[in-house]
Amino acid sequence: MVRNLFCGVLAAVAVAAPAQAATVVFSDDFDDNDVSDWTFATNHSVAGIDTGGILGPYINAPPGGSSLTARASRTLTLAAGDYTLSLDAFAVLCQGCVISYDVLFNGTLLTRTAGTNNFEARTFDLGALAAGDYTITLGMHTTNATSGHFLAKFDNVVLTAENLVTSDSVPEPGAWALMILGFGGAGAALRRRGAALA
């Protein structure tokens, strides 16, 4: 009887536990035109970040060059969990060269995609991450710059997580109620069993 009651309580707790929805841990739509919290890096002498509702790393030529980059990075402190990065990305078309947008996570290149003059919605499964600091880097790469404004654009950057592991997790009130009911039921069954044996 006690075993059946205990199994029933465990089943009720398992059924009542809600599936954890994805949690937005970081987002930036750049609508405030403030990119001061992003760190800029380039290997070209004339470069910067365009704003206007976007994050737009660019270089200007002349002077020209090959394999030129302009990148903006943001470091975040993350809890352990399963992460997904989504964003809109755009790179301009170029005659005589290839302009691409780059997406990197913690220094690993997730994509280098040649420009199409259209925003593309992109999603990257980052997998299970341990707790720690991680860096999102968004940038522009060009194969051969001679003259012009070489640009990539990013918008609606969102980092979501599932199965977050935090040290300050507190059960929801419903979970507390089920646990108390379970312990109370188990205690009552044990008390009845003890009275029946006496």
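Right above here is the structure, for reference.
All values reported here derive from a predicted model rather than from experimental measurement. (Residues numbered from 1 in each chain as written. Predicted model: local features only at pLDDT ≥ 70, side-chain atom pairs only at ≥ 80, totals over all residues. Heavy atoms only, no water.)

### Points about the pattern of salt bridges
Two side chains of opposite charge can pair, provided their charged atoms sit close to one another. All told, the structure shown has three salt bridges when counted by the stated rule. Residue arginine 71 pairs with aspartate 102 through a salt bridge whose shortest N-O separation is 2.9 Å. Highlighted residues: arginine 71 in strand β5 (residues 68-78) and aspartate 102 in strand β7 (residues 99-105), separated in sequence by 31 residues. For aspartate 102, the salt bridge identified is with arginine 112, shortest N-O distance 2.9 Å. (Salt bridge = Lys/Arg side-chain N within 4 Å of Asp/Glu carboxyl O. Helix = DSSP H or I, 4+ residues; strand = E, 2+ residues; numbered from the N terminus.)

### A closer look at the sheet that holds β7
Ordered by their spatial adjacency, five strands build an open sheet running β2-β5-β10-β7-β8, and the pairing between neighbours is antiparallel. Of all strands in the sheet, those with a lone pairing partner are β2 (39-42) and β8 (108-114), marking the two edges. Direction aside, the axes of adjacent strands within the sheet are offset by 20 degrees on average. Looking at chain direction, β7 and strand β10 (residues 132-142) are connected through seven bridges and run antiparallel. Following the sheet pairing, aspartate 102 is matched in β10 by glycine 139. (Pairing = 2+ DSSP bridges. Axes fitted to C-alpha atoms, helices over the stretch in contact; angles between N-to-C directions.)

### Remarks on the nonpolar core
Counting 38 residues, the largest nonpolar core has Trp38, Leu85, Ile136, Leu138, Phe154 and Leu159 as the members making the most contacts within it. For this core, the secondary-structure elements that each account for two or more residues are β4 (56-61), β5, β6 (80-91), β7, β9 (120-129), β10 and β11 (148-165). The residues touching leucine 85, leaving out its near neighbours within four places in the chain, are Val103, Leu110, Arg122, Thr123, Phe124, Leu126, Ile136, Val157, Val158 and Leu159. (Core = buried A, V, L, I, M, F, W, Y, C linked by side-chain atoms within 4.5 Å. Buried < 20%, exposed > 50% of the residue type's maximum accessible area, 1.4 Å probe, protein only. Contact = heavy atoms within 4.5 Å.)

### Here's the deal with the packing of aromatic side chains
Enumeration according to the criterion identifies five aromatic pairs in this entry. Measuring from ring centre to ring centre gives 5.8 Å for phenylalanine 30 and tryptophan 38, while their planes differ by 50 degrees; the resulting arrangement is tilted. Tryptophan 38 matches phenylalanine 30 in its accessibility class, with the two residues each being buried. Three or more aromatic residues joined by ring pairs form one cluster here, namely Phe26, Phe30 and Trp38. (Phe/Tyr/Trp six-rings, centres within 6.5 Å; stacked < 30°, edge-to-face > 60°.)

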